[in-house]
Every structure is written in structure tokens, then in C-alpha cells.
Amino acid sequence: MPLLVAPALPAGSLAAQEQPHLPVRPGLTLRPWRDDDAPLVRAAFDCPAIQRWHVRRLDSDDEARAWTAQWAARWSAETAVSWAIVEDDDRPVGQVGLRQVSLAEASADVSYWVLPAARGAGVATEALLALTRWSFAAGLHRLALEHSTANAASCRVATRGGFALEGVTRESMRHADGWHDMHLHARLA
């Protein structure tokens, strides 16, 4: 069944280039994940807050290596992308990325997490802003993000990042403690 509207972005819009390094602020950059980041990723997914809100954990070094390795293929397939948020020492302090990338609709969903030691310093918000600038410059039209209504910190990041609250999706995600209502935020180019 043919589409009546041409895709908003042609195939290859992302994959035709290498995943870029993105400046965030002095001392903070977004870069692609590397294999040697796996131990830190495993430690991050041991964090109870990251497990609670992302409903995942990593149980082995092999799983952590697979997590870091997946992103190159997902960039090439133009379905998702993730960046390590790194400080001057090149050590990751968090993650920001796009999920469910749709070139046809020029849209994507945003995800982020920050390690406990880096929380409260604006890292997540500034990384989100850098990702948003790059995404819109790359041609995306709409970015959306969802978080549990119980996750006040994520709501602050979304709001400070210019993502308007569009509504609540009732009991739309299951966490370890049951079904959660989710805030839906979005930002347009």
C-alpha cells in the first residue's frame, strides 16, 4: 500500500555520516559508546534508580559489552542512537539518546540517565539540550519523551529542556512496583 506523503527524511539521512561527537558545555561532551565503557555501563545499571525508571538491569560483563556494541548497528539502521555523556577525563557520567527513530515521520523518542555522582548539576538537562539541537539540525521535526509521573527528577529535566507536557498516558508502563501513569512531553523543531 503506497504512502500518499513522501517520507520527511530520506533513508541515509543519519547513516550517511559517522555518529558525531557533540559539545554540551566546557568539560562535557556527547560521544559514541565504546567497548571499554562496558564496566561503567554495568555499574550504571546496578543503580537502583536507573533500574527503577528504565526497568532493566545488566547481569554480566558480556551483557554490558553487548549493550555498548549495539549502538553502531542501530545508528547504521537509523532506528536508534545513544551517546555517552562524558566529562573532560572521557569517563561517562550518563547517557542520552534517541529511540524509535522514524525518518518517514522525522520523529524520535528521547531517553536519558545520569549516574548518581553527576546528578543535580544540570548534566541531564544540558545533554538533552545538545541532543535536541543536533536532532533538529539533522532534520527531525518532533522529539518526545515519557517518564513515570512519579519520577519528578525526569519531569524537571524534560521541562528545563523545553519539552512541553502534552498529557498523561494512564497506566501505560509497567514497572517493578506495578503500572505507572506516564507524562508525555514533546518538543518541535
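Here is what the cut-offs are and how they apply
- Residues numbered from 1 in each chain as written.
- Predicted model: local features only at pLDDT ≥ 70, side-chain atom pairs only at ≥ 80, totals over all residues.
- Heavy atoms only, no water.
- Helix = DSSP H or I, 4+ residues; strand = E, 2+ residues; numbered from the N terminus.
- Rg over C-alpha atoms; globule rule 2.2 N^0.38 Å.
- Buried < 20%, exposed > 50% of the residue type's maximum accessible area, 1.4 Å probe, protein only.
- Contact = heavy atoms within 4.5 Å.
- Areas by Shrake-Rupley, 256 points an atom, 1.4 Å probe, with all protein chains shown as cover.
- Lys, Arg positive; Asp, Glu negative; His and termini not counted.
- Charge placed at Lys NZ, Arg CZ, Asp CG, Glu CD.
- Pairing = 2+ DSSP bridges.
- Expected span 1.5 Å × (residues − 1).
- Axes fitted to C-alpha atoms, helices over the stretch in contact; angles between N-to-C directions.

Caption draft 1: Layout of the overall build of the protein. Counting its secondary structure elements, the protein contains 5 helices and 8 strands. Ordering the α and β elements of the protein from the N terminus gives β-β-α-α-α-β-β-β-α-β-α-β-β. Its C-alpha atoms give the protein a radius of gyration of 16 Å, within 12% of the compact-globule value 16 Å for 189 residues. Across its three principal directions, the C-alpha atoms of the protein cover 45 × 40 × 35 Å. The buried share among the 189 residues of the protein stands at 44%. Counting only contacts in the protein whose residues sit at least 6 apart along the sequence, the fraction spanning at least 24 positions is 62%. For the protein, the accessible area works out to roughly 10000 Å², and carbon and sulfur atoms hold 53% of it. Here the protein contributes 19 positively and 22 negatively charged side chains, and the mean placements of these two sets differ by 5 Å.

Caption draft 2: Structural context of the pairing of strand β8 (residues 178-188). With 7 bridges joining them, strand β6 (residues 142-148) and β8 adopt antiparallel strand pairing. Pairing of A144 across the sheet is with A186, part of β8. Bridge count for strand β7 (residues 164-175) against β8 is 8 bridges, and the pairing is antiparallel. Residue V168 lies in a different strand from β8, and its bridge partner there is H183. Linkage of β7 to β8, two consecutive antiparallel strands, is achieved through a turn of 2 residues.

Caption draft 3: Summary view of helix α3 (residues 61-77). Look at α3: 25 Å from first C-alpha to last across 17 residues, which is about the 24 Å you get at 1.5 Å a residue. Three or more residues of α3 are buried, namely A64, W67, T68, W71 and W75. The secondary structure elements touched by the buried residues of α3 are α1 (38-44), β3 (81-87), β4 (92-102), β5 (107-114) and α4 (123-137). Once α3 ends, the next one or two residues include E78, with phi positive near 60 degrees.

Caption draft 4: Just the sheet that holds β4, in detail. Strand order in the open sheet made by the 8 strands is β1-β2-β3-β4-β5-β6-β8-β7, with mixed pairing throughout. On the outer flanks of this sheet lie β1 (22-25) and β7, each paired with one strand and no other. Between one strand axis and the next, the sheet turns by 30 degrees as a mean value, whatever way the strands run. Inspection of the sheet shows β4 paired to β5 by 7 bridges, in the antiparallel sense. Bridging across to β5, G97 finds its partner in S111. Along the sheet, α3 contacts β3, β4 and β5; its crossing angle with β3, the most-contacted strand, is approximately 125 degrees. Helix α5 (residues 152-160) rests against β5, β6 and β8 of the sheet, and its axis sits at about 10 degrees to β8.

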